[in-house]
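Reading the structure
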Amino acid sequence: QVQLVESGGGLVQAGGSLRLSCAASGRTFSSYNMGWFRQAPRKEREIVAAISRGGGSTYYADSVKGRFTISRDNAKNTVYLQMNSLKPEDTAVYYCAASALPLPLATGERSYTSWGQGTQVTVSS
């Protein structure tokens, strides 16, 4: 029901920062909880962060707490992931996804029904 397109990925040195954006098409963006997932080489796809429809509730994986910040601007139909103090272990394809489920925030892939195409983030040592 909602189409998602990620942008902002790229190559960055360890310790650097990137901000990912996920632009949504559709008129019901504010009805969805949103999540960021990533899949690193040789690893399963994992939840990175999630945010409720109004932005009042957030979730972060332990591995990114204190370094990443998820936010959204419903007027722009966009969700963001600010990534600071990047580590080589953060190298992955990052995906945004939308969930119609209510709170509490879902962290499992199967709870998200719409997915973007992914954007590559590579952190060099």
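Let me sum up the structure you'll find in this document. What you are looking at is a predicted structure, and each value in this text was computed from that prediction instead of being measured. (Residues numbered from 1 in each chain as written. Predicted model: local features only at pLDDT ≥ 70, side-chain atom pairs only at ≥ 80, totals over all residues. Heavy atoms only, no water.)

Right, let's talk about the sheet that holds strand β8 (residues 78–83) for a bit. Pairing between the strands of a sheet is mediated by backbone hydrogen bonds and can be parallel or antiparallel. Read across the open sheet, the four strands follow the order β1-β3-β8-β7; overall the sheet is antiparallel. The outermost strands of the open sheet, each flanked by one partner alone, are β1 (3–7) and β7 (68–73). Strand after strand, the sheet turns through a mean of 15 degrees between neighbouring axes, direction not considered. Bridge count for strand β3 (residues 18–25) against β8 is six bridges, and the pairing is antiparallel. Across the sheet, residue R19 finds its bridge partner in β8, namely Q82. (Pairing = 2+ DSSP bridges. Helix = DSSP H or I, 4+ residues; strand = E, 2+ residues; numbered from the N terminus. Axes fitted to C-alpha atoms, helices over the stretch in contact; angles between N-to-C directions.)

Let us now look at the pattern of salt bridges. A pair can form between side chains of opposite charge whenever their charged atoms are brought close. Enumeration according to the criterion identifies five salt bridges in this entry. Here D90 ties to R38 by a salt bridge, and the two come within 2.9 Å at their closest N and O atoms. With a gap of 52 residues between them, D90 in the loop between β8 and β9 (92–99) and R38 in strand β4 (residues 33–39) connect regions that are remote in the sequence. Per residue, the accessibility class of D90 equals that of R38, and both read buried. R45 is the salt-bridge partner of E109, the closest N and O atoms lying 2.9 Å from each other. (Salt bridge = Lys/Arg side-chain N within 4 Å of Asp/Glu carboxyl O. Buried < 20%, exposed > 50% of the residue type's maximum accessible area, 1.4 Å probe, protein only.)

This next bit is on the nonpolar core. Ranked by internal contacts, the top residues of the largest apolar core, which has 30 residues, are M34, W36, L81, M83 and Y94. Setting aside residues up to four positions removed in sequence, L81 forms contacts with L18, R19, L20, W36, V48, A49, F68, T69, I70 and Y94. Among the nonpolar cores identified, the runner-up in size contains seven residues, and F37, A97, A106 and Y112 belong to it. (Core = buried A, V, L, I, M, F, W, Y, C linked by side-chain atoms within 4.5 Å. Contact = heavy atoms within 4.5 Å.)

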